[in-house]
Amino acid sequence: MSMISSSQAVPVVSIQNAATWALPLTVTKFLASCAAGDIIFPTPNGLPPNFLKEYNHDRSWDFMAALLYFPVTETENNGITEHEDGNCVTFVFQDQVGGLQVRKNGEWNPVTPAQDTLVVNLGDVIQVLSNNKFKSATHRVVRQQGKSRYSYAFFYNLHGDKRVEPLSKFTEEIGEEPKYRGFLYKDYQAMRMRNKTHPPAKPEDVIHITHYAITS
Ligand SMILES: O=C(O)CCC(=O)C(=O)O
Ligand SMILES: [Fe+2]
């Protein structure tokens, strides 16, 4: 969509009516299972089931966002500018309006809403732990014609004091060099927050996970 532009990076988010929104049952149920750390991770030659639960028991940094995107205007269709989530895994429950897109091989693809399903986005932490075997999804939201869109995003996080670095399973055990240096989760989150509170003049100065990439 040509109208979207990162200089107009205005997330259209309202929490005003959040208290009165009835959370869909699916989301509520899912929250409960997240709180229990009950996540089955995709594991073709990857991480064992319950990996995340064992890696980090602490659920205190998890949070959920209830999002409302207003309809497109004549000049603005940006809902959320393209980004990768900085956490482990995000679960999105979206209504039937649509607008979430994911970039694959340089192309934007719609994540078409399907009844009673959740969208699962892998975040930067998984990309680092898996030494790039799993990619943090690049996604954005484009506002739609004539309709508001509601979504609920549950951010499954780590405790800030947790250290994040490529796991030996994806490095020495398979003879590969780590592609990232280790860091504390809270330091990365603080830098991402600063991207928002003090946006750098040049887009290339925005901190992404590549900040920790080892370039040989
Ligand atoms: O509203 C959505 O579908 C996605 C929201 C999102 O990407 C985010 O909050 O990070
Ligand atoms: Fe996101």
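Note on numbering: residues in each chain are counted from 1, in written sequence order. As they are written, the chains are lettered A onward and the ligands numbered 1 onward, keeping that order. Side-chain atom pairs in this predicted model are given and counted only at pLDDT of 80 or more, local residue features only at pLDDT of at least 70, and totals for whole chains, interfaces and linings cover all residues. Side-chain measures were taken over the full set of non-hydrogen atoms in the model, leaving aside hydrogen atoms and water.

### What about the pattern of salt bridges?
Here comes step 1: Each salt bridge in this description consists of a side-chain nitrogen of Lys or Arg and a carboxyl oxygen of Asp or Glu lying within 4 Å of one another. One pass over the full model with this rule turns up seven salt bridges.
Here comes step 2: Note that E165 and R163 form a salt bridge whose closest N and O atoms lie 3.6 Å from each other.
Here comes step 3: Overall, the relative accessible area of 37% leaves E165 in the partly exposed class.
Here comes step 4: Working definition: with a 1.4 Å probe on protein chains only, accessible area under 20% of the residue-type maximum means buried, over 50% means exposed, and in between means partly exposed. Residue classification places R163 among the partly exposed positions, given a relative accessible area of 45%.
Here comes step 5: Ionic pairing is found between K202 and D205, a salt bridge with its closest N-O pair at 3.9 Å.
Here comes step 6: In this structure K202 comes out as partly exposed when scored by relative accessible area, which is 45%.
Here comes step 7: The network of salt bridges with shared partners includes K133, E176 and K179.

### Some thoughts on unusual backbone geometry
Here comes step 1: Phi at N105 is positive, roughly 45°, even though this residue is not glycine.
Here comes step 2: Secondary structure elements follow DSSP: runs of H or I no shorter than four residues count as helices, runs of E no shorter than two count as strands, and numbering proceeds from the N terminus. Its location among the elements puts N105 in the loop between β4 (100–104) and β5 (107–110).
Here comes step 3: For N105, a relative accessible area of 74% corresponds to the exposed category.
Here comes step 4: Look at N131: it is not a glycine, yet its phi comes out positive at around 50°.

### As for the environment of P166
Here comes step 1: Among the structural elements, P166 can be located in the loop between β9 (163–164) and β10 (183–184).
Here comes step 2: For P166, a relative accessible area of 12% translates into the label buried.
Here comes step 3: Here the alpha-carbon distance between P166 and P178, two residues 12 residues apart in the chain, equals 6.0 Å.
Here comes step 4: Aside from chain neighbours lying at most four places away, what touches P166 is V128, L129, N131, T171, P178, K179 and Y180. Contact between two residues is taken to exist if any of their heavy atoms lie within 4.5 Å; hydrogens are not considered.

### A closer look at the nonpolar core
Here comes step 1: In terms of nonpolar packing, the biggest core is built from 25 residues, with C88, V89, I126, L129 and V164 touching the most fellow members.
Here comes step 2: Looking at this core, the elements with two or more residues in it are α2 (51–55), β3 (89–94), α3 (124–129), β8 (149–156) and α4 (185–197).
Here comes step 3: Here this core takes four residues from α3, the largest share from any one element.
Here comes step 4: Apart from residues no more than four positions distant in its own chain, C88 is found in contact with L52, N121, L122, G123, V125, I126, Y156, N157 and L158.
Here comes step 5: We call a set of buried residues a nonpolar core when its members are Ala, Val, Leu, Ile, Met, Phe, Trp, Tyr or Cys and they connect through side-chain atoms within 4.5 Å of each other. Grouped together as the second largest cluster of nonpolar side chains are 10 residues, Y69, L100, V119 and V141 included.

### Topic: the sheet that holds strand β1 (residues 63–69)
Here comes step 1: In short, DSSP must find at least two bridges between two strands for them to pair. The four strands are arranged β1-β8-β3-β6 in an open sheet whose pairing can be described as antiparallel. One side of each edge strand has no neighbouring strand; the edge strands of this open sheet are β1 and β6 (119–122). When the angles between neighbouring strand axes are averaged without regard to direction, this sheet yields 20°.
Here comes step 2: Pairing of β3 with β8, which is carried by six bridges, proceeds in the antiparallel orientation. Paired with Q94 across the bridge in β8 is S151. Axis definition: a line fit to C-alpha positions, over the contact stretch in the case of helices; interaxial angles, taken between N-to-C directions, run 0 to 180 degrees.

### Re the UniProt feature "domain: Fe2OG dioxygenase" (unreviewed entry) in the chain
Here comes step 1: According to UniProt, the positions carrying the feature "domain: Fe2OG dioxygenase" (unreviewed entry) are residues 60–158.
Here comes step 2: Secondary structure over residues 60–158 splits into 6% helix and 44% strand, and the C-alpha atoms at its two ends are 8 Å apart. UniProt positions are given in the numbering used here, feature names are shortened, and annotations may be inferred rather than shown by experiment.

### Observations regarding the coordination of the iron ion (ligand 2)
Here comes step 1: The protein atoms donating to the iron ion (ligand 2) are H83 (NE2), D85 (OD) and H139 (NE2), with metal-donor distances spanning 2.1 to 2.2 Å.
Here comes step 2: Along the chain, the residues donating to the iron ion (ligand 2) are arranged with the sequence spacing H-x1-D-x53-H. Note that H83 is positioned in strand β2 (residues 78–83) and H139 in strand β7 (residues 139–142), a separation of 56 residues in sequence. Metal donors: N, O and S atoms at distances within 2.8 Å, or within 3.2 Å for Na, K and Ca, with water omitted from the atom set so that some sites may seem incomplete.

### Here's the deal with the side chain of Q94
Here comes step 1: Mapped onto the fold, Q94 is located in strand β3.
Here comes step 2: Of note is the side chain of Q94, whose polar atom sits 3.0 Å from the backbone oxygen of V111. In protein, a polar contact means a hydrogen-donor-capable atom and an acceptor-capable atom, both N or O and within 3.5 Å, with residues adjacent in sequence counting only if both atoms are side-chain atoms; elsewhere, any N or O pair within 3.5 Å suffices.

### Quick notes on the pairing of β5
Here comes step 1: Sheet topology places β4 next to β5; four bridges connect them, and they run antiparallel. Residue pairing in the sheet places R103 in a bridge with W108 of β5.
Here comes step 2: The turn linking β4 back onto β5 is made up of two residues, and N105 within it adopts a positive phi angle of 45°.

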